[in-house]
Amino acid sequence: MNSGNQQLKANGNGHEPKRALVLPGGGGRGAYQVGVAKALLEHGVVFDYAFGTSIGGLNATLIAQGDIVRLEELWGSIRAKDIYHLPTPNQLGQLIFGHKLVDTSPLEEILKRELSLPKLKQSRTKFGICTTDLCSLQTNFITTDDIISSSELVDVLMATCALPMAFPPRQLHGSGLWVDGGLVRNTPMHAALENGVDEIYMVLLHPEQINVCPVNMFEVLARCLDIVLDASARKEIQSAELFNRLIAEGNVESIGRKKVAIKVFQPHKVVNTTLLEITPERSRQLITQGYTEAMEQLVDPRPIENIPQAKAS
C-alpha cells in the first residue's frame, strides 16, 4: 500500500483496520464508483463493509459478492433501455396518476439474474443499503443479516433504486411504499461509524464543480434531484467531521469512541451524464476516469482525513 494509506495499515492493537466502502446514489454516474473500487482493491484495500444507496447500493452489493469483474462487464454493456422502459403516450396518463413514470421490470430481471444471496452470506464483506418508506417517512438501513430470501434481496435493491417521481416504489414484506433512501440519507456514513470502522472510503458521484445549465424540463428535474442527493451526502460528511472533532476534543459524548479516517473520492472533471442516462461508451469512460483518479489520489501524500469541499459554481 502507498504512503497515504500505510499510516493506517494497523490499528492500535496491531491488527488490520476495519474498513467500509460507502457508495451514495447518482444514477448513470454510478460507473465511476466501479473504477474507484477496482483501484482500491488492486491497491490492497479489503473491505469489511460495503454500504450504499440507490445505484451505490447495487454497486455495493455486487462488490460484496466478490463480483466486481462482472459489475464492470455489466456497466460496459447495458443501456438505459436495459434498465427501464419509458411509457407510451397511451400509458402516460395512467402512469402519472400511479406511482411511477417508467417501467423498471428490465432492472428487476437483471437483479434476479446477477444477485446471489449465498455469496453475500458467505462473504467477509457485509453489505447494507438505505431505503425510505413514503407512507411512514421511516428510513431503514438493511444489511446482509436482515435478508432471508433471494426475492427479499431483489425487493430491497429495487426499493433503494426507486427514484421518486420516476421509478415505482416497492413494498417490503407486503407493506409500505419504499423508495430511494438517498433523499434522506444519500451516504450511509452513519452505519459505518456505528459499526466501529477505522477507515471509510466514500465515492461521491457529483463532480467538484458544475457549470452547465439544464436545457429542458427533464434536465431541470434531474438537476433538482442532483442538488438534493449532493446536499444529503455532504451533510453526512459534515456529521463525520463533527464526530472526529468531538473525539479529538475529548467530548464526554465521545467516550469509548475512536477517530475514523475518511478518504473521499469524487470526479475531478465534469461528468457529462444525468441520473437516467446510461450508455456502454459513457460508462466505460466513467470507469476509466474513476480508476485513474483514484490511483492518483491513492499516491497523494496528504493525510487520509482530507475531505474535498464543494466548489461554488
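For the structure itself, consult the block above.
The paragraphs below set out a description of the structure included in this document. (Residues numbered from 1 in each chain as written. Predicted model: local features only at pLDDT ≥ 70, side-chain atom pairs only at ≥ 80, totals over all residues. Heavy atoms only, no water.)

Describing the packing of aromatic side chains
Rules: Any two rings among Phe, Tyr and Trp, with Trp reduced to its six-membered ring, count as a pair given centres within 6.5 Å; such a pair is stacked if its planes are under 30 degrees apart, edge-to-face if over 60, and tilted if neither. A run of H or I in DSSP becomes a helix once it reaches four residues, and a run of E becomes a strand once it reaches two; helices and strands are each numbered from the N terminus. For every residue, the accessible area (1.4 Å probe, protein chains only) is compared with the maximum for its type, and the residue is labelled buried under 20%, exposed over 50%, or partly exposed between those bounds.
Applying the stated criterion across every chain, the model contains four aromatic pairs. Considering the side-chain rings of Phe-47 and Tyr-201, the 5.8 Å spacing of their centres and the 80° angle between planes classify their relative orientation as edge-to-face. Here the residue Phe-47 occupies a position in the loop between α2 (31-42) and β2 (49-52), and Tyr-201 occupies one in strand β7 (residues 199-203), the gap between them amounting to 154 residues. Accessibility expressed as a relative area gives 0% for Tyr-201, which makes it buried. Here Tyr-49 and Phe-51 contribute two aromatic rings whose centre-to-centre distance is 5.3 Å and whose plane-to-plane angle is 40°, an arrangement assigned as tilted. The two residues Tyr-49 and Phe-51 agree in class, both being buried.

Side note on unusual backbone geometry
In this structure, Ser-54 takes a positive phi of about 60° despite not being glycine. Ser-54 sits in the buried class, given a relative accessible area of 9%.

What to know about the packing of helix α6 (residues 105-114) against helix α8 (residues 150-160)
Counted only if it meets this: An axis is simply a line fitted to the C-alpha atoms; with a helix, the fit covers only the stretch in contact. Between two such axes, the angle follows the N-to-C directions and lies from 0 to 180 degrees. For classification purposes, angles smaller than 35 degrees are called roughly parallel, those larger than 145 roughly antiparallel, those between 65 and 115 roughly perpendicular, and all remaining angles oblique. Should the near helix be turned anticlockwise from the far one by less than a right angle, the crossing is termed left-handed; should it be turned clockwise, right-handed. Throughout, a residue-residue contact means that at least one pair of heavy atoms, one from each residue, lies within 4.5 Å. Under the grouping applied here, Gly and all other residues not named as nonpolar or charged are polar, the nonpolar ones being Ala, Val, Leu, Ile, Met, Phe, Trp, Tyr, Cys and Pro and the charged ones Asp, Glu, Lys and Arg.
One way to put it is that α6 packs onto α8 with a least axis distance of 10 Å and a crossing angle of 140°. By the angle between their directions, the pair α6 and α8 is classed as oblique. Crossing geometry of α6 relative to α8 is assigned as right-handed. Contacts between α6 and α8 involve Leu-107, Glu-108, Leu-111 and Lys-112 from the first element and Val-154, Leu-157 and Met-158 from the second. Of the residues that constitute the contact of α6 with α8, the class distribution is five nonpolar, no polar and two charged.

Re the nonpolar core
Heads up, the rule is: In these notes, a set of buried Ala, Val, Leu, Ile, Met, Phe, Trp, Tyr and Cys residues joined through side-chain atoms within 4.5 Å is what counts as a nonpolar core.
Ranked by size, the top nonpolar core spans 65 residues in total, and within it Leu-21 and Leu-40 carry the most contacts. Among the elements that take part in this core, α2 stands out by supplying seven residues, more than any other. Not counting chain neighbours up to four residues away, the residues in contact with Leu-21 comprise Ala-37, Leu-40, Phe-47, Tyr-49, Ala-50, Phe-51, Ile-63, Tyr-201 and Val-203. Core analysis: the next-biggest nonpolar cluster, separate from the first, contains 20 residues, Ala-20, Val-22, Leu-193 and Val-197 among them.

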